[in-house]
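Structural characterization, general
Below are the chains, spelled out letter by letter.
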Amino acid sequence: MSFVNLTADNFNANMKEEGLVILDFWAPWCGPCKMFGPVFEAASAKHEDIVFGKINTEDERDLAGHFNIRSIPTLIAVKDGIMVFNQAGAMMGAQFEQLIQSLRELDMDKVRADIASQQE
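The following paragraphs examine the structure supplied in this document. (Residues numbered from 1 in each chain as written. Predicted model: local features only at pLDDT ≥ 70, side-chain atom pairs only at ≥ 80, totals over all residues. Heavy atoms only, no water.)

1. Comments concerning the environment of R112
- The residue R112 is located in helix α5 (residues 108-119) in this model.
- Remark: the alpha-carbon pair of R112 and I82, spanning 30 residues in sequence, is separated by 8.7 Å.
- Excluding its chain neighbours within four sequence positions, the residues that come into contact with R112 are D80 and I82. (Helix = DSSP H or I, 4+ residues; strand = E, 2+ residues; numbered from the N terminus. Contact = heavy atoms within 4.5 Å.)

2. Focus on the pattern of salt bridges
- Evaluated as defined, the whole model comprises seven salt bridges.
- Between E97 and K46 there is a salt bridge, with its nearest N and O atoms 3.5 Å apart. Of this pair, E97 sits in helix α4 (residues 93-105) while K46 sits in helix α2 (residues 31-46), placing them 51 residues apart in sequence.
- With relative accessibility at 25%, the residue E97 sits in the partly exposed group.
- The exposure class of K46 is exposed, given its relative accessible area of 59%.
- The partner of R61 in a salt bridge is E58, with the nearest N and O atoms 3.5 Å apart.
- By relative accessible area, which is 31% here, E58 ends up partly exposed. (Salt bridge = Lys/Arg side-chain N within 4 Å of Asp/Glu carboxyl O. Buried < 20%, exposed > 50% of the residue type's maximum accessible area, 1.4 Å probe, protein only.)

3. Concerning the side chain of S44
- Here S44 shows up in helix α2.
- Engagement of the side chain of S44 in a polar contact is seen with the backbone nitrogen of F3, the distance being 3.3 Å. (Polar contact = N/O pair within 3.5 Å; in protein donor to acceptor, adjacent residues only side chain to side chain.)

Don't take any of this as a statement about function, it's just geometry.
Given below as structure tokens:
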């Protein structure tokens, strides 16, 4: 699957309860966003089992507000319905591939246990 331009109208339809979703919050005027865009798009073509969503913060202010986006680009990863990564700043291709591999290997049972222990 290649990337999807996400809007308030199609956001929920593209979020998965199981699996990995990577969100790229960007804006057309943002230089680092323009540099990271091709890296994100290349990864989306390579990793077809992951949903890659691009969110234009200028057009989708409500989504940006919901995720408390304060600087762009910001990457957010959601695995099995849980936000597991949130970081501002562009990445080089190798860094992004390393992040994707780390997200794939993330033990979600441990993440859920950690969340449960924090809520006690």
